[in-house]
Amino acid sequence: MAASRRSQTRRGKRGYSSKPMSKQILRDSLAVRRLLEVNPSDLKDDVIAINRVTKVVKGGKNLSFSALVVVGDNHGHAGFGMGKAREVPMAIKKGIEQAKKNLIKLNLKGTSIPHQVLGRYGSAQVLLKPAAEGTGVIAGGPVRKVMQVAGIHNVLTKSLGTSNPHNVIKATFAALLSLKDAAHVAEMRSKTVDEISGRPQKAVAAESTNG
């Protein structure tokens, strides 16, 4: 029974890879896709979680705070960061500065995402599904705040595994980093966007005729 369970875990469910994204891979992905052409005045920040950390030293206890923050411009750019300081405002400020350095450009389709994707980080899993116009953001907690600052207004999400906000945020960005642009995929496959999207040829011909 244990062997079959392990083999099922390796294979994953519904064709998804069950291998979580490591901390180094996520950091490298953020570094590669980092953007600097974003107007700072358009960025909006939101605090995900604030933790109080107590360190016991020889002379007593040192109290500090850590803040997890996400930033975005509501136009397909988002990033997250964590700051530590003796006071909460300074911790939030440091988190915002780090989040701005980790900004990435997301491959979106209008106000939704182009395809379904599953992000993994540690024991956290976040499933994102595209939704029709008017659906809204069906999400809760950290995932909702990421969708709001990124400008994703119609999406279905499901958070699986741990509820640790740090792992949930990283799993969410692992999923967003896995989103692929339809035009880029079509170019790699030497096909058109309509062919890889599975649209009927009659519908495409009718649209071209009407146009």
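Within any chain, residue numbers begin from 1 and follow the written order of that chain's sequence. Only residues with pLDDT of at least 70 get local features here, since the model is predicted, and only at 80 or more are side-chain atom pairs given and counted; chain-wide, interface and lining totals rely on the full set of residues. Here the side-chain values reflect all heavy atoms present in the structure, with hydrogen atoms and water set aside.

To continue, consider the pattern of salt bridges. By definition, a salt bridge exists where a carboxyl oxygen of Asp or Glu is found within 4 Å of a side-chain nitrogen of Lys or Arg. Counted under the stated rule, the structure contains one salt bridge. Residue aspartate 46 pairs with lysine 145 through a salt bridge whose shortest N-O separation is 3.9 Å. With aspartate 46 in strand E1 (residues 44–57) and lysine 145 in helix H4 (residues 142–150), this pair connects stretches of sequence that are 99 residues apart. Three labels apply to residues, based on accessible area from a 1.4 Å probe with only protein chains included: buried if under 20% of the type maximum, exposed if over 50%, partly exposed otherwise in between. Residue class for aspartate 46 comes out partly exposed when judged on its relative accessible area of 24%. Overall, the relative accessible area of 24% leaves lysine 145 in the partly exposed class. Starting at the N terminus, helices and strands are each numbered in turn, a helix being any DSSP run of H or I of at least four residues and a strand any DSSP run of E of at least two.

As a further point, take the nonpolar core. Grouped burial of nonpolar side chains is what soluble globular proteins tend to show. Residues Leu128, Met147, Ile169 and Leu176 are the most contacted members of the largest nonpolar core, which totals 31 residues. Where this core is concerned, the elements lending two or more residues are E1, strand E2 (60–72), strand E3 (77–85), strand E5 (117–121), strand E6 (124–130), H4 and helix H5 (165–177). In terms of residues, this core owes the most to one element, H5, which gives seven residues. Contacts are assigned to residue pairs with any non-hydrogen atoms lying within 4.5 Å of each other. Beyond its immediate sequence surroundings of up to four residues, isoleucine 169 is in contact with Ile48, Leu68, Val70, Phe80, Pro142 and Val146. To qualify as a nonpolar core, a set must consist of buried Ala, Val, Leu, Ile, Met, Phe, Trp, Tyr and Cys residues joined through side-chain atoms within 4.5 Å.

This next bit is on the confidence of the model for the protein. Here pLDDT means the predictor's own confidence in every residue, given as a number from 0 to 100. Counting all residues, the mean pLDDT for the protein is 80, and 68% of those residues have values of 70 or more. By mean pLDDT, helix H1 (residues 2–11) is the weakest element of the protein at 46, and E2 is the strongest at 94. Overall, residues 1–18 carries pLDDT values under 50, and its contacts beyond four positions in sequence, including any with other chains, amount to eleven contacts.

The phi torsion of most residues other than glycine is negative, and most of the peptide bonds are trans. Located in the positive-phi region is asparagine 74, a residue other than glycine, with phi close to 65°. Looking at the secondary structure, you find asparagine 74 in the loop between E2 and E3. A relative accessible area of 26% places asparagine 74 in the partly exposed class.

The subject of this paragraph is H5. Any helix carries an expected span of 1.5 Å times its number of residues minus one. Between its terminal C-alpha atoms H5 stretches 18 Å, which fits the 18 Å expected from 13 residues at 1.5 Å a residue. In terms of burial, H5 is largely enclosed, as twelve of its 13 residues are buried. If you check which residues of H5 are buried, you get His166, Asn167, Val168, Ile169, Lys170, Ala171, Thr172, Phe173, Ala174, Ala175, Leu176 and Leu177. The opening residue of H5 is asparagine 164, an N-cap whose side-chain oxygen sits 2.9 Å from the backbone nitrogen of histidine 166. Pairs of N or O atoms within 3.5 Å make up the polar contacts considered here, provided that, within protein, one atom can donate a hydrogen while the other can accept it, and that residues adjacent in sequence are counted only when both atoms are side-chain atoms.

This brings us to the sheet that holds E1. The strand order across the open sheet built from four strands is E1-E2-E3-E4, with neighbouring strands paired in antiparallel fashion. Every interior strand has two partners, whereas the edge strands, E1 and strand E4 (104–105), have only one. Geometry is summarised by axes, namely lines fitted to C-alpha atoms with helices restricted to the contacting stretch, and by angles between N-to-C directions that run from 0 to 180 degrees. In the packing of helix H3 (residues 88–101) onto the sheet, contacts are made with E1, E2 and E3, and the angle to E3 comes to roughly 145°. Lying on the sheet, H5 is in contact with E1, E2, E3 and E4; it crosses E3 at an angle near 155°. The pairing criterion is simple: DSSP has to find at least two bridges between the two strands.

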